[in-house]
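Structure at a glance
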Amino acid sequence: MLRLAWRQSTFKCNSVERLLATSVLGTECSQQVSRCHRRRFRNTAHPPSYSSRLRHRSQPVHCFSFSSLFMSMASGGEGSSTPTHRGTNRLAKERSPYLLQHAHNPVDWYPWGQEAFDKARNEDKPIFLSVGYSTCHWCHVMERESFEDEEIGKILSDNFVCIKLDREERPDVDKVYMTFIQATSGSGGWPMSVWLTPDLRPFIGGTYFPPRDHGRRPGLKTVLMRIIDQWTNNRSALESNGNKILEALKKGTAIAADAGTSPPFAPDVTKRCFQQLANSYEEEYGGFRDSPKFPSPVNLMFLMSYWCMNRSTSEGVEALQMALHTLRMMALGGIHDHVSQGFHRYSTDSSWHVPHFEKMLYDQAQLAVAYITASQVSGEQFYADVAKDILCYVSRDLSDKSGGFYSAEDADSLPHCGGTEKREGAFCIWTASEVRELLPDVVEGTAGSATQADIFMHHYGVKEQGNVSPEQDPHGELQGQNVLIVRYSLELTAANFGVSIEEVTNLLASARAKMAEIRKSRPRPHLDTKMLASWNGLMLSAYARVGAVLGDKALLERAVQAANFLQEHMWDPEQQTLLRSCYLGDDMELQQISPPISGFLDDYAFIICGLLDLHEATLQTEWLRWAEELQLRQDKLFWDDEGGGYFCSDPSDFTVLLRLKEDQDGAEPSANSVSAFNLLRLSEYTGKQEWLQKSERLLAAFTDRLTKVPIALPEMVRALMAQHYTLKKIVICGKRDSPDTVTLLATVNSLFLPHKVLMLIDGDEDSSLQQRHPALYSITQQDGVATAYICHNFTCSLPVTDPQELRRLLLDETSKRQAE
């Protein structure tokens, strides 16, 4: 996160850090810390998240950091003084699926909260903080190897106050500690392991540790024994080092701009962002590195927006090709679940073939939007079908009856052929014999009397010996297995077997349906039923936008259901506060922990964006009103009056010594990036100039990042583009459900127009829009027919009633603004 700012502020700490690493962990670990520092400033054109993602199947790097922090916000479980029973610890009283996974470890775990902090202070013990999430593969590995180990559990329980934290419940705590680890070691990931003083100041940290020494690498037991020794004999050095690093980080993480400072010049920033993405683009299979490959929807959305404003240039054409090719290759690859829909977390190889098999809600949401956008810009049904495919998976497997969405499905599950140890991908993979047994029928008229299995295996790359290379399977979990990947087009497969394209299409669809039924009998992966406000906001956007483009009432109804869920279960009207999460009880009823966790910046920003998308999809003003209410609350809780932009968590909590503003669009977009766009849209809807000014000041605060490494903030660059070109209002005057109005709205929704807001003037609706924009009173229907106007900079076009004329006018407007 701090790769640039840390450059100036960290070197004075390095010698202290290396010296301390030597004393605590030994010479080899000190050398490892030094190596981590040497890696810190490589590839600065890439977002740091590339180096901080959890490694898949290969042993993760576990560099160490020394840092300091003080936090005392609780996440539940406070005041619980009941002694733990043998085989059960305090986490059994929590609702987080991740914490519950550790409820029977032989470790005296505490949840993050005052009880643990008080115990550490009263007994003057260091704290061991372990952070992860319930579908994290290497978190499972470390639990199995270390936290279920009786000897290690006793060392931890006797000498430390042990705290287990769900990073998805408490992103504020996770961000601060991960910032320290990334800044001081150059990498990060989960599980995150940090040792703290009783006042919560870290003095050493890393990611995954093996249980015992492995070659020249120290194991967790060795690390623990050395920390115990240093805590007893060298404590002052540990604490002094933490203070020094905290001061350096306070300077290194500052993101601010003086009042009156302008944002950077958008055309220059957007061009540099495009060039940086183009330089990292992998041409054969798409994506932005060789391996591992992440979907990176923020990159794809930027490229399609860049094309919209540069259609006539070679760079614009190249941007569109990069986005569409990447999306196509992902959809054909093994990262896409061809049997049960949805997308896995990332690909471990360059061809999108062998994935890390977990499925995250935030990926499904962003990818659905990216694919429906690709269908708008390309006109290809293929991309729209993939978007619908994603939402089919979410509706079936990640949806609660209340309207909310669950967080994730695990990568690991029990093998269907038997066994007591979970294996990654077991739910999703196939042997050739399984496919042949399931699809034995001969297909009439085929060359060589091919069976259904022959055609299916040819099309999806299924091999008798398995299609996963040993390099992608170092632990042998996928030996002899196949991950489905589309190897040929329908046309080529049909030609190879001498049958029609229609017959191949039907055969493959029938085969996938049969395989989906077989999967239902397999042991399912763990489902994280925690419902997070921010990720539900992202999914609200997905259903609203896909539903609007396709004119699909069922998808729009699902979006409304999701918004109702958020309003009913994730909003405290008395405190005027969003809640971060809610949970399923033992009887599948919705529950909250006590006290509930208040929402963070991303909860507000993502829900506001979802509500604005829902308003444009349904044109129901209630969602616009709630978005405005939430924005006012977000401004009060998180806005930085001095430097501009939003803090990630409530800055009124004086115990948080490091005030962070997320400066990277990674697996999820930065909440500041989303907020910059939200403010522009709300300013257009409400006429409030202060929100336009806030957006400009936010963008100005991130000038250094946007100017030097815009590839780290492609979503914010999109907001900067919108601010530069200004949003245009598309106003439809007509009865909501009349065919002529519906046709005009469908025309607007068929196009990707990244810099627009959509308004409906309906005589049966309240006149709030017209009250805020008196000029809209002059807009009327022409001859009683639904009429469209395009308004920009206080000037409106001539009225348009013909859908094709409206389409032409909208495209011409984009070209005109590009030229300007």
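Residues numbered from 1 in each chain as written. Predicted model: local features only at pLDDT ≥ 70, side-chain atom pairs only at ≥ 80, totals over all residues. Heavy atoms only, no water.

The protein chain is annotated in an unreviewed UniProt entry as Spermatosis associated 20 from Takifugu rubripes.

1. Focus on the overall build of the protein chain
When helices and strands are tallied, the protein chain shows 31 helices and 21 strands. A burial count over the protein chain gives 63% of its 820 residues as buried. Sequence-distant contacts, at least 24 apart, represent 72% of the contacts inside the protein chain between residues at least 6 apart. (Helix = DSSP H or I, 4+ residues; strand = E, 2+ residues; numbered from the N terminus. Buried < 20%, exposed > 50% of the residue type's maximum accessible area, 1.4 Å probe, protein only. Contact = heavy atoms within 4.5 Å.)

2. Regarding the pairing of strand 5 (residues 202-206)
A regular strand places its side chains on the two faces of the sheet in alternate fashion. Buried residues dominate strand 5, accounting for five of its five residues. Between the antiparallel neighbours strand 4 (residues 192-196) and strand 5 lie five residues, among them Leu 200 with a positive phi of about 75°. (Pairing = 2+ DSSP bridges.)

3. Let's talk about the sheet that holds strand 18 (residues 728-733)
Strands pair in a sheet through their backbones, by hydrogen bonds, and they do so in one of two ways: parallel or antiparallel. Pairing is mixed in the open sheet, where four strands are placed in the order 19-18-20-21. With partners counted over all chains shown, the strands left at the sheet margins are strand 19 (756-761) and strand 21 (795-796), one partner each. Sheet topology places strand 18 next to strand 20 (residues 787-792); five bridges connect them, and they run antiparallel. Paired with Ile 732 across the strands is Ala 788, a residue of strand 20.

4. Some thoughts on the environment of Val 173
Checked against the element boundaries, Val 173 lands in helix 9 (residues 171-185). Taking C-alpha positions, Val 173 is 9.4 Å from Trp 112, a pair spaced 61 residues apart along the chain.

5. Digging into the confidence of the model for the protein chain
Residue-level pLDDT values for the protein chain average 87, and 87% of them are 70 or greater. Confidence drops under pLDDT 50 across residues 1-20; counting only partners more than four residues distant or on other chains, this segment forms 67 contacts. Long-range and interchain partners of residues 26-85, a stretch whose pLDDT sits below 50, account for 223 contacts in this model, where long-range means more than four residues apart. (pLDDT = per-residue confidence, 0-100.)

6. Section: the state of the cysteines
Applying the stated criterion across every chain, the model contains two disulfides. One disulfide in the model links Cys 136 with Cys 139; its S-S distance is 2.3 Å. Negative torsions about the S-S bond denote left-handed disulfides, and the value of about 80° found for Cys 136 with Cys 139 makes this one right-handed. Pair check on accessibility: Cys 136 and Cys 139 agree, each one buried. Note on cysteine connectivity: Cys 791 is disulfide-linked to Cys 796, with sulfurs 2.0 Å apart. Looking down the S-S bond of the Cys 791 and Cys 796 bridge, the torsion is 100°, so its handedness is right-handed. (Disulfide = S-S within 2.5 Å.)

7. A few points about the sheet that holds strand 8 (residues 359-360)
Spatially, the three strands line up as an open sheet ordered 8-9-12, and their pairing is antiparallel. Every other strand in the sheet has two partners, leaving strand 8 and strand 12 (527-528) as the edge strands with one partner each. Where strand 9 (residues 408-409) and strand 12 come together, two bridges link them in antiparallel fashion. Directly across from Glu 409, in strand 12, lies its bridge partner Leu 527.

8. Digging into the pairing of strand 19
In terms of burial, strand 19 is a largely internal element, six of the six residues being buried. Both faces of strand 19 are covered, namely the face carrying Lys 756, Leu 758 and Leu 760 and the face carrying Val 757, Met 759 and Ile 761. Across six bridges, strand 18 lies against strand 19 in parallel orientation. Residue pairing for strand 19: Ile 730 is matched across the bridge by Leu 758. After leaving strand 18, the chain enters helix 29 (residues 739-749) and then returns to the sheet as strand 19, a path that is right-handed. (Right-handed = clockwise from strand over helix to strand, strands pointing away.)

9. Regarding the packing of aromatic side chains
Tallied over the full model, the rule gives 23 aromatic pairs. With a centroid separation of 5.2 Å and an interplanar angle of 80°, the aromatic rings of Phe 382 and Tyr 383 are classed as edge-to-face. On the basis of relative accessible area, Tyr 383 is assigned to the buried category, the value being 1%. Three or more aromatic residues joined by ring pairs make a cluster, and in this case those are Trp 109, Phe 128, Phe 147, Trp 195 and Phe 209. Here the guanidinium or amino end of Arg 90 rests over the ring plane of Tyr 110, the centre of that ring lying 3.9 Å away. (Phe/Tyr/Trp six-rings, centres within 6.5 Å; stacked < 30°, edge-to-face > 60°. Lys NZ or Arg CZ within 6 Å of the ring centre and 35° of its normal.)

10. Some points on the pattern of salt bridges
For the coordinates displayed, the defined rule picks out 45 salt bridges. Linking Arg 328 and Glu 380 is a salt bridge whose minimum nitrogen-to-oxygen distance equals 2.5 Å. Residue Arg 328 is found in helix 14 (residues 314-332), and its partner Glu 380 is found in the loop between helix 15 (361-378) and helix 16 (381-397); the two are separated by 52 residues along the sequence. Exposure remark for Arg 328: the relative accessible area of 26% places this residue in the partly exposed category. Here Asp 397 ties to Arg 396 by a salt bridge, and the two come within 3.0 Å at their closest N and O atoms. What emerges from the salt-bridge pattern is a single network uniting Asp 149, Glu 151, Arg 212 and Lys 221. (Salt bridge = Lys/Arg side-chain N within 4 Å of Asp/Glu carboxyl O.)

11. Description of the packing of helix 12 (residues 266-280) against helix 14
Where helix 12 meets helix 14, the closest approach of the two axes is 11 Å, and the angle between their N-to-C directions is 50°. As the angle between them shows, helix 12 and helix 14 are arranged oblique. Judged by the twist between their axes, the crossing of helix 12 over helix 14 is left-handed. Taken together, the residues of helix 14 that come into contact with helix 12 (itself represented by Lys 271, Phe 274, Gln 275, Leu 277 and Ala 278) are Glu 315, Glu 318, Ala 319 and Met 322. Looking at the contact of helix 12 with helix 14 residue by residue, the class counts come to five nonpolar, one polar and three charged. (Axes fitted to C-alpha atoms, helices over the stretch in contact; angles between N-to-C directions. Parallel < 35°, antiparallel > 145°, perpendicular 65-115°, else oblique. Left-handed = near helix turned anticlockwise from the far one by under 90°. Nonpolar A, V, L, I, M, F, W, Y, C, P; charged D, E, K, R; others polar.)

12. Describing the environment of Glu 94
For Glu 94, the position within the fold is in the loop between helix 4 (49-52) and helix 5 (97-101). Sequence separation of Glu 94 and Ser 594 is 500 residues, and the distance between their C-alpha atoms is 9.8 Å.

13. Topic: unusual backbone geometry
Of note, the bond from Trp 190 into Pro 191 is cis; its omega dihedral lies within 30 degrees of zero at 5°. In this structure, Pro 191 sits in the loop between helix 9 and strand 4. For the bond running from Ser 594 to Pro 595, omega is -5°, close enough to zero to count as cis. In this fold, Pro 595 is placed in the loop between strand 17 (590-591) and helix 23 (601-618). Even without being glycine, Trp 352 reaches a positive phi, approximately 60°. Along the chain, Trp 352 turns up in the loop between strand 6 (346-347) and strand 7 (355-356). For Trp 352, a relative accessible area of 0% puts it in the buried group.

14. A short note on the packing of helix 18 (residues 452-459) against helix 19 (residues 490-497)
For the pair helix 18 and helix 19, the least separation of the axes is 10 Å and the interaxial angle reads 140°. Taken together, the axis directions place helix 18 and helix 19 in an arrangement best described as oblique. For helix 18 against helix 19, the interelement crossing comes out right-handed. Facing Asp 454, Ile 455, His 458 and His 459 of helix 18, the residues of helix 19 in contact are Leu 490, Thr 493, Asn 496 and Phe 497. Among the residues making up the contact of helix 18 with helix 19, the classes are represented as three nonpolar, four polar and one charged.

15. Focus on the environment of Lys 530
Looking at the secondary structure, you find Lys 530 in the loop between strand 12 and strand 13 (531-532). For Lys 530, a relative accessible area of 0% puts it in the buried group. A C-alpha to C-alpha distance of 9.1 Å links Lys 530 and Glu 168, two positions 362 residues apart in sequence. In contact with Lys 530, not counting residues within four places along its chain, are Pro 97, Asp 166, Glu 168, Glu 169, Phe 405, Tyr 406, Ser 407, Ser 581, Cys 582 and Tyr 583. A polar contact of 3.0 Å, which involves the side chain of Lys 530, links it to the side chain of Glu 168. (Polar contact = N/O pair within 3.5 Å; in protein donor to acceptor, adjacent residues only side chain to side chain.)

16. Regarding helix 8 (residues 150-159)
Listed as buried for helix 8 are Ile 152, Gly 153, Ile 155 and Leu 156. For helix 8, the buried positions fall inside an angular range of 160° around the axis, keeping them on one side. Projecting away from the buried face of helix 8 at angles above 90 degrees are the exposed residues Glu 150 and Lys 154. The opening residue of helix 8 is Asp 149, an N-cap whose side-chain oxygen sits 2.9 Å from the backbone nitrogen of Glu 151. (Arc of directions from axis to C-beta.)

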